[in-house]
Amino acid sequence: MVARRRMLARSLTPSILIPNDVDPIELVVFLPALCRKFGVPYAIVKGKARLGTVVHKKTAAVLALTEVRSEDKTELSKVISAIKEGYLANTEASRKQWGGGIMGEKANKRIEKKKKALEQAIKI
């Protein structure tokens, strides 16, 4: 994991793929924030077994693409653009719009009570 963080810091990885079923989750929970910080596109994919087939292992916790053959660069650029358009744009919009400003009944009554107390304090 330290090596992956170093690669992210140096911008050596064009993209990161994170499976959704990693156990323990603490292995990868920090990676999306780190990828956002360094501007590396990432995607959360279904199944660590799928990532394992790419690297010819049983499972893989994270797939960081570091080297790509020249004939596969066009395909990788298409995948990265799809990740940026479809996945990262949606997550950024949902991160910035949080809550909606609708408060519950208790909070509304508490604010109303404070307003009344302030108005009475001003009248005196």
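Everything below is about the structure printed above this text.
Residues numbered from 1 in each chain as written. Predicted model: local features only at pLDDT ≥ 70, side-chain atom pairs only at ≥ 80, totals over all residues. Heavy atoms only, no water.

Participant: Lay out the pattern of salt bridges in plain terms, naming residues and giving numbers.
Facilitator: Within the structure shown, the criterion is met by 4 salt bridges. A salt bridge links Arg 69 to Glu 71; the nearest nitrogen and oxygen atoms lie 3.6 Å apart. Exposure remark for Arg 69: the relative accessible area of 55% places this residue in the exposed category. In this structure Glu 71 comes out as exposed when scored by relative accessible area, which is 52%. (Salt bridge = Lys/Arg side-chain N within 4 Å of Asp/Glu carboxyl O. Buried < 20%, exposed > 50% of the residue type's maximum accessible area, 1.4 Å probe, protein only.)

Participant: Report on the side chain of Ser 15, specifying residues and quantitative values.
Facilitator: Looking at the secondary structure, you find Ser 15 in strand S1 (residues 15-19). Aside from chain neighbours lying at most four places away, what touches Ser 15 is Val 40, Pro 41, Leu 63, Ala 64, Leu 65, Leu 76 and Ile 80. (Helix = DSSP H or I, 4+ residues; strand = E, 2+ residues; numbered from the N terminus. Contact = heavy atoms within 4.5 Å.)

Participant: Help me get a handle on the environment of Val 45, residues and values and all.
Facilitator: For Val 45, the location among the structural elements is in strand S2 (residues 42-45). In sequence terms Val 45 and Asp 21 are 24 residues apart; their C-alpha atoms lie 9.1 Å from each other. Setting aside its immediate chain neighbours within four residues, Val 45 contacts Leu 17, Ile 18, Pro 19, Asn 20 and Leu 51.

Just geometry here; none of it tells us what the structure is for.
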